[in-house]
Amino acid sequence: MNNRIDVKKTYKLFINGAFPRTESGRTYEVKSAKGVFIANPCLASRKDLKDAVVAARAAQPGWNKATAYNKGQILYRLAEMLEGRRAQFVDEIITVTGVTKAKAEQEVSESIDRLVWYAGWSDKISSLSGALNPVAGPYYNFTIPESMGVIAAIAPETPSLLGLIDTVAPIIVSGNTLVVLASTKAPLSAMSFAEVIATSDVPAGVINILTGKKDEIAPWMASHMDIDGLDITGLTTKNHAEIRISGAENLKRIFSFKSHDPGRILAFMEAKTVWHPIGL
Amino acid sequence: MNFYGLVDGTDASLKHYLRELSGVDQVGADARAAMLATRSIKTTSKRWAIDTAISMVDLTTLEGADTVGKVQALCTKAVRPDPTDSSVPSVGAVCVYNDMVATARKHLDLVGGQHVGVAAVSTAFPSGRASMPVKIRDTQDALDAGASEIDMVIDRGAFLSGNYIDVFNEIVAIKALCGERAHLKVIFETGELVTYDNVRKASFLAMAAGADFIKTSTGKVVPAATAPVVLVMLEAVRDFYSMTQRRIGVKPAGGIRNTKDAIKQLVLVNETAGPEWLTPSLFRIGASALLNDLLMQRMKMDDGYYASPAYVTID
Amino acid sequence: MEIPVSFDYAPAPESRAIVSIKPKYGHFIAGKFVAGSKHFPTINPATEEVLSHIALAGKAEVDAAVKAARKAYTTTWSKMSGKERGKYLFRIARIMQERAREFAVLETLDNGKPIRESRDVDVPLAAAHFFYHAGWADKLEFAGLGTSTKPHGVAGQIIPWNFPLLMLAWKVAPALAAGNTVVLKPAESTSLTALLFAEVCQQAELPAGVVNIVTGDGSTGALIVNHPGIDKIAFTGSTDVGKIIARAVASTPKSVTLELGGKAANIIFEDAALDEAVEGIVNGIFFNQGHVCCAGSRLILQESIADEVLEKLKVRMAKIRVGDPMDKNTDVGAINSKEQLTKIIELTAAGDAEGAQRWSAPCELPTKGFWFAPTIFTGVTQAHRIAREEIFGPVLSVLTFRTPQEAIDKANNTPFGLSAGVWSEKGSRILWATQQLRAGVVWANTFNKFDPTSPFGGYKESGWGREGGRHGLSAYLKGVGHE
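Residue indices begin from 1 for each chain and proceed along its sequence in written order. Whichever chain is written first is A, and whichever ligand is written first is 1; the rest continue in order. Reporting in this predicted model follows two pLDDT cut-offs: at least 70 for local features of residues, and 80 or more for side-chain atom pairs to be given and counted; totals over whole chains, interfaces and linings ignore these cut-offs and use all residues. Excluded from the side-chain calculations are hydrogens and water; all other atoms, namely the structure's heavy atoms, are used.

*Asks:* Explain the interface of chain C and chain A to me, using residue names and the numbers behind them.
*Replies:* Taken together, the 42 residues of chain C in the interface contact 41 residues of chain A. Simply put, the buried area is the total loss of 1.4 Å probe accessible area from both parts when two parts are fitted together. Interface area, chain C with chain A, both sides summed: about 3,200 Å², of which 51% is carbon and sulfur. Salt bridge, as used here: a side-chain nitrogen of Lys or Arg that lies within 4 Å of a carboxyl oxygen of Asp or Glu. Put simply, chain C and chain A have four salt bridges between them. Put simply, Arg 247 of chain C and Glu 249 of chain A hold a salt bridge, and the shortest N to O gap is 2.6 Å. Under this definition, polar contacts are N or O atom pairs within 3.5 Å; protein pairs additionally need one hydrogen-donor-capable and one acceptor-capable atom, and for neighbouring residues in sequence, both atoms have to be side-chain atoms. Between chain C and chain A we count 28 residue pairs in polar contact (both at pLDDT 80 or more) in total. Going along the chain from the N terminus, every DSSP run of H or I of four or more residues is numbered as a helix, and every run of E of two or more is numbered as a strand. Looking at the side of chain C that touches chain A, the element that brings in the most residues is helix H8 (residues 239-248) of chain C, giving five residues. For the side of chain C that touches chain A, a count of residues per class yields 16 nonpolar, 16 polar and ten charged. Note: strand S10 (residues 269-277) of chain A against strand S17 (residues 441-444) of chain C, three bridges, orientation parallel. Within the sheet, the bridge partner assigned to Thr 273 of chain A lies in S17 of chain C and is Val 441 of chain C. Residue contacts are defined here by distance: any two heavy atoms, one from each residue, within 4.5 Å place the two residues in contact. When residues are grouped by polarity, Ala, Val, Leu, Ile, Met, Phe, Trp, Tyr, Cys and Pro land in nonpolar, Asp, Glu, Lys and Arg in charged, and all others, Gly among them, in polar. In this scheme, strands are said to pair when DSSP sees at least two bridges between them.

Okay, here's the thing in structure tokens:
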């Protein structure tokens, strides 16, 4: 070991493809499992959320329009980028959570594999969930799932990387754009994942990542009228009612999840039914 | 020539005119016709409809086996559909092949039916497959024999192959022959045109070319005067009126066999082209068996009990 | 017989002899009709005649209904095989078909809708919903909703007054097919067909308590929504009430589906089949007096054809037959209630005040009852209240557009997202527009078509979930992947 001072990373937010600091100027301290200072990530404010929603809304039509094949490749590209940087993620997970290397390796591997899994859903979910409806009349009638719009999410505290991937991937694979609040205690994986996003082909604004406090951001997510859906998997159950009450103002679709399955993708899709006459 | 200022007689202007027409959605047209078929016409309105329908009948015989005797009997019936009831109106016209026109005219006049027209089917009815000189001669024969109405067929082959100008010119030529002497009805044979888009196109083509009436069918092809086809034609005459201020008549023919069918036709007229068309000068029904059913229904309404075919004449 | 001089259709009234309405009704709980404590009158909105007196369920009645539903769920319905459950639903479908005329007449008397619609739309579709869902009862594991789905238990269902029997069918059929038992509350002003449906349940020998019907007003609805013994709430009605329900159940484990309001755009491109488009406009907004959540209440016309379409529309509207709902030739019947009429009058007055031009079809309205002539407003912009708020009556707001994108932007510029219509003879444009429209149901070259196989439900503030089709089943099953 030499005496070189290593260059530490400044953890910022990820909004519209850029890494701004929080407009509030606030940070909070993240410490390792052993209590050692690691970083001062941003303590995002409601205004950061507002900016992120603007970015997500602007990005949504373009992302929605991308072909399923294209979206699948972009999710797969995320997996490729994550694979290439797995060592960094393993280190961060160990540092922040104190888990064994084997456990950290496992989480990163699962995260990569999960991205690949969701990538493959992009061009299958419509076939699976769509329907041709045999109506009693001379009409062609079909139902297709469509993206819902802008979704906000509270990622689970742990596992910080896999939980984030399980939140992000099913939401964006269908064409939604997203504002996600990362694990409060372990936000490093999320912000490093933002670097993965920035170096992949995900268009700016499709995934926006905030760090900060759930209690502070979640109510603003719930009440924001330009957010269509809300994933509260990362929010403790005792806060669900308050969020649901607030979210009722624009009838947000609010869900929490216990597993990863196609239902998680469909939760933030809308079924559209189209009728057209059949005639000469 | 000036065809209502809509076309100038060239192929290009005709194509442009026809291309401007909006399409017809088959399912929507079927649904509208089916909805109008649910109209429930009862009591006094039914009685009005029966008499009106009788006065609109083009009492038709178009058989290879037609004879002078058969045509004379038809003419007698046309003038006095119910010999026992003079309040029954005469039909609109009798409709025959052109060799029977003189017979029909003479017999109608003989039995007091000067007000009943004679319609002659023309232009190589029913197929329309003859040369233009033959079609002209065919029509001229009928006119010379005293036909007051000419029911010409269009050349469906020409229409279906997109030679609209040929169809147009034939109508123009026959119309010129008819002049002021006879009303021109143009038969599309909608069962062969198949699509409602074609029916609409043919309607506008014929109206611009000078048709006084547009007529669905020869009666020799199935399907004939289906309700949606008549609906589409009624929409066409309505729209043509708003374009030109001229009312063109409509004649469904074929498949209208009973009172219920006839009343459905009148409902279509009433709610599509409008009540102005509810007159024999703008709406005719080409039929043969229909008349007796109208008469039986009329008896039932007047007498209060169901009629028997034994009480209506079979001619 | 005096023969008229023109073709004025003589009255053709459907006979009401087929129905027998009791002077007073109770609730249907645990397979039996039980007397109510308090009652309120239900009237025929076309005549203001009091048809009967409907019981107002309070806490005791709702408790009893929930208890009966729970007992039926635990002891009978959840233990019965899907195959057997399905057969009960088939029975119900058949009995509804057998008694179709009776249902239609009763619906028209109680609701004010034309007999032609209750006869040709409401009742046949209601029976079809039971027939369709009957077949699902023993095939749920193949519905593609996961392999570990289960019924919720007891479903509380609150339905509106615009399609009383049909909405009952949309609610009860899938609930029962999925294995739930139900407590259903019909709308205050239209309870009679639900009570007749209770008789059908008896004739079908449906086990006691599987279907319970309590009548009442919003207070009864609130008792159902807030009842701890209910596992699932399904509501069709206004967006305002939908939000109240969403909040009310927020702190409970209750699952909720909502079918709420709409302000559907009906977009007509210049290449549309115009006559059918005009029919679609009329059917879109004047069907069922415009008391339709998915009504095409905003007509969005391409400017190049606006005058022509409006002229055709006015000609067509002049043919609309407004009047006695029992007359078989009536197209538009009575407004369902005085309250609703007041709301329509208030909103249309706002249209006048905001400078839109009103045109109403020339028609003679009956002196008794609640009536509103089919009306259009031209010169409407996105900023007008009549372009934003759901009128829920026979009132059409007309807007125009210049480019396809402008049409879509206007159509989507609403917090609602239930339905939309688009008319064009160009296939690629139709598909583009259907893709762009943010609405759960898009009718392309048609409007207001419904079928039990076809999922129905809205985006955004038009609700949560779908009804009908494979998608509608998930509303009545838990374990479909999220909660």
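*Asks:* An account of the sheet that holds strand S4 (residues 139-147) of chain A is needed here, citing residue identities and associated values.
*Replies:* Pairing in this open sheet of ten strands is mixed, and the strands run S3(A)-S4(A)-S10(A)-S17(C)-S16(C)-S11(C)-S12(C)-S15(C)-S14(C)-S13(C) from one edge to the other. Two strands close off the open sheet at either side, each with one partner strand: strand S3 (131-132) of chain A together with strand S13 (357-360) of chain C. In this sheet, S4 of chain A lies alongside S3 of chain A in antiparallel orientation, the contact comprising two bridges. Each residue of the ladder has a partner; that of Ala 131 of chain A, found in S4 of chain A, is Thr 143 of chain A.

*Asks:* With reference to specific residues and values, describe helix H3 (residues 86-97) of chain A.
*Replies:* Residues and elements named next belong to chain A. With twelve residues, H3 ought to run about 16 Å at 1.5 Å a step, and its terminal C-alpha atoms sit 16 Å apart, in line with that. Looking only at H3, the buried set comprises Arg 86, Phe 89, Val 90, Glu 92, Ile 93 and Val 96. Projected down its long axis, H3 shows its buried positions confined to an angular sector of 165°, all on one face. The inward-facing, buried residues of H3 abut strand S1 (30-31), strand S2 (37-39), helix H2 (68-84), helix H4 (101-121), helix H6 (160-172) and helix H7 (188-198). After H3 finishes, the residue Gly 98 shows a positive phi value of roughly 75°. Working rule for helices: expected span equals 1.5 Å times residues minus one. Categorising residues by exposure relies on relative accessible area from a 1.4 Å probe, with only protein chains included: less than 20% of the type maximum marks a residue as buried, more than 50% marks it as exposed, and the intermediate range marks it as partly exposed. Picture the helix axis, draw a direction to every C-beta atom, and the arc is the one those directions span.

*Asks:* Now, about unusual backbone geometry: what can you tell me, with residues and values included?
*Replies:* For the bond from Thr 158 of chain A to Pro 159 of chain A, the omega torsion is -15°, close enough to zero to count as cis. For Pro 159 of chain A, the location among the structural elements is in the loop between strand S5 (150-154) and H6. Between Phe 125 of chain B and Pro 126 of chain B the backbone carries a cis peptide bond, its omega angle lying at 0°. Inspection of the secondary structure puts Pro 126 of chain B in the loop between strand S3 (117-122) and helix H6 (132-144). Look at Glu 48 of chain C: it is not a glycine, yet its phi comes out positive at around 65°. Following the sequence through the fold, Glu 48 of chain C ends up in the loop between strand S3 (38-44) and strand S4 (49-56). Accessibility expressed as a relative area gives 38% for Glu 48 of chain C, which makes it partly exposed. Unlike most non-glycine residues, Glu 205 of chain C shows phi in positive territory, near 60°. With respect to the element layout, Glu 205 of chain C can be found in the loop between helix H6 (192-203) and strand S8 (211-213).

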